[in-house]
Amino acid sequence: MSAADLAGWSNAAVYAAMVVLTFSMIAFAATFSARGNRVSPDARKTPVTVGVGADSAPSVRVDPAASGQPTTAPPIDERGRRAGNVGLSLAWLGFGLLLLGAVLRGVWAGRVPWGNMYEYSLSSAVAILGVYLFMSLRRDLRWLGVFATGATLLTVGLAVTVLYTEAAQLVPALTSWWLVIHVSAAIVSGGAFTIAAGLTGLYLWRERAERKGRISGAVARLPQAVKLDTMAYRILAFAFPLWTFAVIAGAIWAENAWGRYWGWDPKETWAFITWVIYAGYLHARATAGWRGRRAAYIAILGWVSFLINYFGVNLFVNSLHSYAGV
Amino acid sequence: MSTPPASAESPVEGRLIDPASTPPSGPGQSAGSAGALPPLGAGGFARWAWRQLTSMRTALILLFALAVAAIPGSVLPQRGIDPILVREWIEDAPTWGPILDRLGFFDVYAAPWFAAIYLLLFISVIGCVLPRTGVHIKALRTPPPRAPRRLSRMAHFRTWTTSPDTPGAQTSAAPASTAPASAASVLDDVEADLRRRRWRVARGVDDSAAGEQPSGWVSAEKGYARETGNLLFHAALIVLLIAVGYGAVFGWRGNVIVREGNGFSNTLTQYDAWGGGRLASPDGLPPFSFTLEEFRVEFERSDTERGSPRLFEAEVTARAEPGAPEVTEVIRVNEPIAFDGAKVFLVGHGYAPRIEVRDADGRLVFDDAVVVLPQDGNQTSIGVVKVPDALPQLGFQMLFLPTAAVDDVRGPFSSFPDADDPAIFASAWVGDLGLDDGVPQSVYRLVTDAMSQVGLEALRPGQTWDLPDGIGSVSFTGWQRWASFQIAHDPGKEPALIASGLALIGLMMSLYVKRRRVWVRAADGPSGVTIEVAGLARTDEADLAADVEQVAGVAGAPEGKSGPGQASGERLGEDSGMMDGQNRTGGRR
Ligand code: HEM
């Protein structure tokens, strides 16, 4: 296979992934619209342990759908479930295709596939979907599928339309093992930040419904707010140390390349801001009066700051890091 | 079982604080009074202020302040990075520029208000971490508290009674040494097992009402590393800040441009620019030297990303000190070389056209390779030649194009960064260079106040331009490359790296270690031993089912799963004495 073929195959895989993921998203959306008032299985009454129960915001426990339930599972909407299964299978297929696209791209260029914004976005899409699918191995996350596939599609879509660049060698400053380590850690934590932001958004939605005592329609298909909050926390508890590591690796690389490990370059500054906001999130969760909704807003803010670092700094600010060609 | 007076358990419990929360007596807790007015009196006020500062809420607010304060530095140009841009910015905004400048917005990360935020934050961390360390050390030396009375209230709970034919009795054929299934032997097994698995264990016997068999208990706790890690993390951040500051005060860095074939020795006078921290000593620089033998570059030639650099490589011969053996080294962009704590980084490159100038008499008055500075990615470069020895003095402004191209709009420019088709566009000046007034001049700028322009000419290598009126001639005889190096010494960077590594380790410990307790109570009875096993998570998201199952298994539990105790789903009542769970919400405000 010639090099040009590889590039063609890579692009084909990416386009195929987009088609597959679109159907996946539609299937996931169907789980929400399927008729019947299915209560998410997660909403079944589970004993609230002291560790978790004592911290959950006291106000959010009014859940008519959940509290009055018998412990047996409510009848689950068959069609909704089938749609969810289809969505999940397609998501796996789309993931495989995306991964293939990224790998072929890397083989073509003879290096890791994150030399420019297009490749970086492609890898980020793989990370977002990967984090979601990895989580869904352990629990039923079909209700999160719309968001996960949607975010992935948006990222890939942006990559192929706005950011597409022919593959090329890296400029010398980018050929470093620290680049591989630093960028892969940043990409994976970015994927996790994104999924956590989605969960947090759903948490805010669900929490509001619970507070108002109006849990019907799509909200009713979500897990309880407490659960959403815990899930988002767990992901961030994974992503935050990884992000910390990415920043440290970046500093080591900067020291090697530019002779200083920290220089308040815009990219570094926003990595720092993102880090500080997520540290604030962790503190907020441990501070009375800040748990729950306020902490959730902080988590969203952290993600916005991550996006600013990713798009804003790469595209609009003159930064040492801007040479990752657009 | 009699319910002991609450005070019998509370003092013990009181000392064991939740790992994630400040002790009831700690600085964080009293911050609940945040909205309250400060008490009167200097001492009272100081204490109040200190508690405010070290409260979690203040830490949170300061963290946000830090995030917000860092933003302007990424939006406005910064002196430390691009002083020229800063000057232009201020000139373009005559009203706002100077005001922002006065307020430090062009040097955000050195501004007093920025420093104030992080210093307050770090004082807050210290004020928070010190008392917590004390409490934690005490907790590490205190055995776990006695088992609460009613284990059945715990989220994870199992109870069963051994029948006469369970474990002990079954082994009647075994040697007599086999322990009978007594409460004590069950507890022995459990205790041994827990200790082996590195739980901290306490053992005791309940007071019993008259006529009742006393029941024994084992109480065990694990996961102290969570708090250890959290303290390590916060302490490491403080060390990190100190390391960064230390590096800033004692470190130095300088820049120098070296042409191929030329040398550099590490003394202050050889630098083009040098800056050091307040306590850096410019006299004690490590005495190394090197010569740039060759600088190799390669650029992308295919259409995609044409002109992108592909290879930069500086080959040098170096000596660590005068008289030391000479070694050949290659410095690449990500591969600095080091001498005695100073690192030499390759940061840039460019061209140096060779220029010969003859005066009116044909005498050679200038012969050198002149460094020109690149202005764009294709190395369109500018530079000047000053010839003070000619009479009258001569000066040239040069545009050097490694691959010359001319465009109606842009005029002459370079279309490729490698020297495929080099050309010089020179403009010649005659008059007084102004070198004698004692004011230092940039070598890259011609002061033309006392000079007049006599012509403009394009030159290819080997060409000579005879200046008008026979005042002399200038020849472009060839070119070579130069490389620019940054030489830096930051004594704080290794401590900073170690501190960040420790911070990361501490962070992971504090996020992933689960602090939890298990209890076993066993009582001999007429029909067998009644055993209760219970567990309690003391931090978010700990799953105790596995721990409880493990302990129950050791205690000889029949097949089955632990379920929630009676009180599941509601918060533990005050009377259970297990207040820790609530500290998390009630502790800090
Ligand atoms: C430079 C400022 C600070 C930074 C960057 C920082 C960062 C962090 C991070 C990332 C965590 C997460 C680890 C975890 O959740 O266990 C954490 C936890 C914690 N921090 Fe800080 N911190 C700072 C200042 C403070 C201050 C001033 C206090 C005291 C009021 C404090 C008290 C705590 C406590 C008690 C926890 C454990 C929270 C929990 O239960 O999850 N921190 N800190």
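On a predicted model such as this, the values are computed, not experimentally measured, just so you know. (Residues numbered from 1 in each chain as written. Chains lettered and ligands numbered in written order. Predicted model: local features only at pLDDT ≥ 70, side-chain atom pairs only at ≥ 80, totals over all residues. Heavy atoms only, no water.)

### Some words on the overall build of chain B
Short version of the rule: Starting at the N terminus, helices and strands are each numbered in turn, a helix being any DSSP run of H or I of at least four residues and a strand any DSSP run of E of at least two. Relative accessible area decides the class of each residue, using a 1.4 Å probe on protein chains only: under 20% of the type maximum gives buried, over 50% gives exposed, and in between gives partly exposed. Here, residues are in contact when the closest pair of their heavy atoms is within 4.5 Å. Under the convention used here, a 1.4 Å probe and the Shrake-Rupley method define accessible areas, while residue burial counts only the protein chains that appear.
The helix and strand inventory of chain B stands at 13 helices and 23 strands. By residue count, 49% of the 589 residues in chain B fall in the buried class. A separation threshold of at least 6 residues defines the contact pool for chain B, and within that pool the share at least 24 residues apart is 65%. As displayed, chain B has an accessible area near 27500 Å², and 57% of this comes from carbon and sulfur atoms.

### Examining the domain arrangement of chain A
How big an interface is tends to be reported as the loss of accessible area on association of its parts. All names here are of chain A. Keep this limit in mind: Each domain span listed reflects an automatic or database assignment of domains. Two parts placed together each lose some accessible area; with a 1.4 Å probe, that loss summed over both constitutes the buried area. In what follows, salt bridge is the name for a side-chain nitrogen of Lys or Arg lying within 4 Å of a carboxyl oxygen of Asp or Glu. Polar contact criterion, stated in full: a pair of N or O atoms within 3.5 Å, where within protein one must be able to donate a hydrogen and the other to accept it, and residues adjacent in sequence count only if both atoms are side-chain atoms. In this classification, Asp, Glu, Lys and Arg are treated as charged, Ala, Val, Leu, Ile, Met, Phe, Trp, Tyr, Cys and Pro as nonpolar, and every other residue, Gly included, as polar.
For chain A, the assigned domains read domain 1 (1–34 + 80–169) and domain 2 (175–326). For the pair domain 1 and domain 2, the two sides together bury roughly 2400 Å², of which 79% comes from carbon and sulfur. Connecting domain 1 to domain 2 are 0 salt bridges. The tally of links from domain 1 across to domain 2 stands at 2 residue pairs in polar contact (both at pLDDT 80 or more). Considering every element that reaches the side of domain 1 that touches domain 2, the biggest residue donor is helix 5 (residues 117–136), with 10 residues. The residue makeup of the side of domain 1 that touches domain 2, split by class, is 19 nonpolar, 7 polar and 1 charged.

### Some remarks on the coordination of the iron atom of the ligand
Quick reminder of the rule: Water is absent from the atoms considered, so a metal site may look incomplete; donors are defined as N, O and S atoms within 2.8 Å of the metal, or 3.2 Å for Na, K and Ca. Sites are called tetrahedral only when four donors show all angles between 85 and 135 degrees, square planar or octahedral only when four or six donors show opposite pairs over 155 degrees and all other angles between 65 and 115, and irregular in any remaining case.
His 283 of chain A (NE2) and His 234 of chain B (NE2) make up the full set of protein donors to the iron atom of the ligand, lying at 1.9 Å. Angles of 85 to 178 degrees at the metal separate the 6 donor atoms of the iron atom of the ligand, which places the site in the octahedral class. In this pair, His 283 of chain A sits in helix 9 (residues 266–285) while His 234 of chain B sits in helix 10 (residues 225–250), so the two residues belong to two different chains. Classification of His 283 of chain A by relative accessible area gives buried; the value is 18%. Exposure remark for His 234 of chain B: the relative accessible area of 11% places this residue in the buried category.

### What to know about unusual backbone geometry
Cis peptide bonds are those with omega within 30 degrees of zero, and the linkage from Leu 391 of chain B to Pro 392 of chain B qualifies with -5 degrees. The topology assignment puts Pro 392 of chain B in the loop between strand 14 (381–387) and strand 15 (393–401). Of note, the phi angle at Trp 264 of chain A is positive, near 55 degrees, even though the residue is not glycine. Secondary-structure assignment places Trp 264 of chain A in the loop between helix 8 (225–258) and helix 9.

### Some details on the packing of helix 8 of chain A against helix 11 (residues 493–512) of chain B
To keep things clear, this is the line we draw: Lines are fitted to the C-alpha atoms to define the axes, a helix being fitted only along its stretch in contact, and any angle between axes, read from their N-to-C directions, falls within 0 to 180 degrees. Just so you know how the angles are binned, under 35 degrees is roughly parallel, over 145 roughly antiparallel, 65 to 115 roughly perpendicular, and the rest oblique.
For the pair helix 8 of chain A and helix 11 of chain B, the least separation of the axes is 10 Å and the interaxial angle reads 170 degrees. The pairing of helix 8 of chain A with helix 11 of chain B is recorded here as roughly antiparallel in orientation. The segment helix 8 of chain A lies against helix 11 of chain B, with Tyr 233, Ala 237, Phe 238, Phe 240, Pro 241, Thr 244, Phe 245, Ile 248, Ile 252 and Glu 255 of chain A engaging Lys 493, Leu 497, Ser 500, Leu 504, Leu 507, Met 508, Leu 511 and Tyr 512 of chain B. A breakdown of the residues in the contact of helix 8 of chain A with helix 11 of chain B according to their chemical character gives 14 nonpolar, 2 polar and 2 charged.

### A word on the packing of aromatic side chains
Test applied: The rule is short: rings of Phe, Tyr and Trp, with Trp giving its six-membered ring, pair when the centres are within 6.5 Å, and they are stacked under 30 degrees, edge-to-face over 60, tilted in between.
Throughout the structure, instances matching the rule amount to 32 aromatic pairs over all chains. The interplanar angle of 10 degrees and the centroid separation of 4.2 Å between the aromatic rings of Phe 193 of chain A and Tyr 278 of chain A together place this pair among those described as stacked. Pair noted here: Phe 193 of chain A is in helix 7 (residues 177–212) and Tyr 278 of chain A is in helix 9, with a separation of 85 residues, a long-range link. No difference in accessibility class separates Phe 193 of chain A from Tyr 278 of chain A, as the two residues are buried. Between the aromatic rings of Trp 264 of chain A and Phe 114 of chain B, the centroid separation amounts to 5.7 Å while the plane-to-plane angle is 90 degrees, which identifies the pairing as edge-to-face. In this pair, Trp 264 of chain A sits in the loop between helix 8 and helix 9 while Phe 114 of chain B sits in helix 7 (residues 112–141), so the two residues belong to two different chains. Here the two residues Trp 264 of chain A and Phe 114 of chain B agree in accessibility, since each one is buried.

### Overview of the sheet that holds strand 1 (residues 156–161) of chain B
In a beta sheet, neighbouring strands are held together by backbone hydrogen bonds and run either parallel or antiparallel to one another. Residue and element names in this part refer to chain B. Put simply, the test is: Note on pairing: DSSP must find at least two bridges between two strands before they are called paired.
Spatially, the 5 strands line up as an open sheet ordered 1-23-22-3-2, and their pairing is antiparallel. Two strands lie at the open edges of the sheet, namely strand 1 and strand 2 (200–205), each paired on one side alone. Ignoring which end each strand starts from, the neighbouring axes of this sheet average 10 degrees apart. Sheet topology places strand 3 (residues 216–222) next to strand 22 (residues 516–525); 7 bridges connect them, and they run antiparallel. Within strand 22, the residue paired with Trp 217 across the bridge is Arg 521.

### Brief notes about the pairing of strand 4 (residues 252–259) of chain B
All names here are of chain B. Strand direction decides the pairing type here: strand 4 and strand 6 (residues 273–276), joined by 4 bridges, are antiparallel. Bridging across to strand 6, Arg 253 finds its partner in Gly 275. Bridge count between strand 4 and strand 21 (residues 472–489): 8 bridges; the pairing is antiparallel. Among the inter-strand pairings, Val 256 is bridged to a residue of strand 21, identified as Phe 485.

### Considering the sheet that holds strand 8 (residues 309–319) of chain B
All names here are of chain B. Ordered in space as 5-7-8-9, the 4 strands form an open sheet in which the pairing is antiparallel. Each edge of the sheet is formed by a strand with only one pairing partner; in this case those strands are strand 5 (263–265) and strand 9 (327–332). Put simply, the sheet's adjacent strands are angled 30 degrees from each other on average, direction ignored. By the bridge criterion, 6 bridges tie strand 8 to strand 9 in an arrangement that is antiparallel. Bridge assignment links Ala 314 to a residue of strand 9, and that residue is Ile 331.

### Description of the confidence of the model for chain B
Residue and element names in this part refer to chain B. Worth spelling out the cut-off: A residue's pLDDT is the predictor's confidence in that residue, given on a scale from 0 to 100.
With 83% of its residues at a pLDDT of 70 or more, chain B shows a mean pLDDT of 80. The lowest-confidence element of chain B is helix 1 (residues 6–15), averaging 28 in pLDDT; the highest-confidence one is helix 11, averaging 95. pLDDT under 50 marks residues 1–35. Its contacts with residues more than four places away, or in other chains, come to 81 contacts. Low pLDDT, under 50, characterises residues 567–589; the stretch is placed with 71 contacts to residues that sit more than four places away or in other chains. Quick note on the complex model: pTM equals 0.80, ipTM equals 0.83.

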